[in-house]
Amino acid sequence: MPDTDAVPSPRNAAGPDAPSRNAVGPDAPSRNAADPDAPPRKSGGGAAADPGATPGDAGAADGLTERERGILAFERHWWRHAGAKEQAIRDTFGLSATRYYQLLNALLDNPAALAAEPLLVGRLRRLRSSRARNRRR
């Protein structure tokens, strides 16, 4: 059984059980028509799981949007090979690596991100400040 937390396979090498971009069903990823840069989302759950929630309340519980939660989840992975992360960024979010890192840096300054993932955000903030110090030397 393959490891589900591994680096996603390239689009052209998707396995027979991988959902296609045009797949329909409960496990098919869907794109946000209003924001084409948003990551694919799983259907189900979300605001419909809370009977009092409205469609705009999907990220209201922790103050983060679905894309921001996806970026934090993506940053939990460790990358072993050069270029693998950049390819996974393109495949997962449909963004260039530059735009992804711009969004990530803005997210690291968001107090809601710190509240949602304190260890991850703290580690990424330390890495960012360390790299900034090294550039000033």
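**What about the layout of surface pockets?**
And step 1. Quantified by volume, the second largest pocket comes out at close to 400 Å³.
And step 2. Lining the second largest pocket are 15 residues; nearest its centre among them are E75, K85, L124, L127 and R131.
And step 3. Of all elements in the fold, only helix 3 (97-108) and helix 5 (118-136) reach the threshold of two or more residues within the lining of the second largest pocket.
And step 4. Looking at the lining of the second largest pocket, its residues break down into seven nonpolar, two polar and six charged.

**Notes on the nonpolar core**
The nonpolar side chains of soluble globular proteins are, as a tendency, buried together.
And step 1. Counting 18 residues, the largest nonpolar core has I71, L72 and Y100 as its most contacted members.
And step 2. The element contributing the most residues to this core is helix 3, with five residues.
And step 3. Those residues in contact with Y100, other than ones at most four positions away along the chain, are I71, F74, E75, K85, I89, F93 and L95.

**A word on helix 2 (residues 84-93)**
And step 1. Taken as a whole, helix 2 has its buried residues at A84, K85, A88, I89, D91 and F93.
And step 2. Contact partners of the buried residues in helix 2: helix 1 (66-75) and helix 3.
And step 3. Just downstream of helix 2, G94 is the residue with a positive phi angle, here 70°.

**Focus on a positive patch on the surface**
And step 1. On the surface, a cluster of positive charge is contributed by R131, R133, R135, R136 and R137.
And step 2. Secondary-structure assignment places R133 in helix 5.

**Quick word on the side chain of K85**
And step 1. Within the secondary structure layout, K85 lies in helix 2.
And step 2. Aside from chain neighbours lying at most four places away, what touches K85 is F74, E75, W79, Y100 and Y101.

**Focus: the side chain of E75**
And step 1. Residue placement: E75 occurs in helix 1.
And step 2. Take E75: its relative accessible area is 5%, and that puts it in the buried class.
And step 3. E75 has contacts with K85, Y100, L104, L120, R123 and L124, leaving out every residue within four places of it along the chain.

**Observations concerning the confidence of the model for the protein chain**
Predicted coordinates in regions of low pLDDT should not be interpreted in detail.
And step 1. Mean pLDDT for the protein chain: 73, with 55% of residues reaching 70 or above.
And step 2. A low-confidence stretch, residues 18-36 (pLDDT under 50), is modelled with 26 contacts involving residues beyond four sequence positions or located in other chains.
And step 3. Across residues 39-58, confidence stays below pLDDT 50; counting only partners more than four residues off in sequence or on other chains, it has 24 contacts.

**Digging into the pattern of salt bridges**
And step 1. In the structure shown here, the tally under the stated rule is three salt bridges.
And step 2. A salt bridge links E75 to K85; its shortest N-O distance comes to 2.8 Å. With E75 in helix 1 and K85 in helix 2, this residue pair connects regions lying 10 residues apart in the sequence. When sorted by exposure, E75 lands in the same class as K85, which is buried.
And step 3. Notably, a salt bridge pairs R76 with E117, separated by 2.6 Å at the nearest N-O pair. Of this pair, R76 sits in the loop between helix 1 and helix 2 while E117 sits in the loop between helix 4 (111-116) and helix 5, and the two are 41 residues apart along the sequence.

Calculation notes
Residues numbered from 1 in each chain as written. Predicted model: local features only at pLDDT ≥ 70, side-chain atom pairs only at ≥ 80, totals over all residues. Heavy atoms only, no water. 1 Å grid on protein atoms, 1.4 Å probe; cavity = no way out; pocket = protein on both sides within 12 Å on 5 of 7 lines; lining within 4 Å. Points joined across faces, edges and corners; volume = space filled by probe spheres on them. Helix = DSSP H or I, 4+ residues; strand = E, 2+ residues; numbered from the N terminus. Nonpolar A, V, L, I, M, F, W, Y, C, P; charged D, E, K, R; others polar. Core = buried A, V, L, I, M, F, W, Y, C linked by side-chain atoms within 4.5 Å. Buried < 20%, exposed > 50% of the residue type's maximum accessible area, 1.4 Å probe, protein only. Contact = heavy atoms within 4.5 Å. Patch = residues over 30% accessible without salt bridge, like charges linked within 9 Å, V, L, I, M, F, W, Y side chains within 5 Å. Areas by Shrake-Rupley, 256 points an atom, 1.4 Å probe, with all protein chains shown as cover. Salt bridge = Lys/Arg side-chain N within 4 Å of Asp/Glu carboxyl O. Lys, Arg positive; Asp, Glu negative; His and termini not counted. Charge placed at Lys NZ, Arg CZ, Asp CG, Glu CD. pLDDT = per-residue confidence, 0-100.

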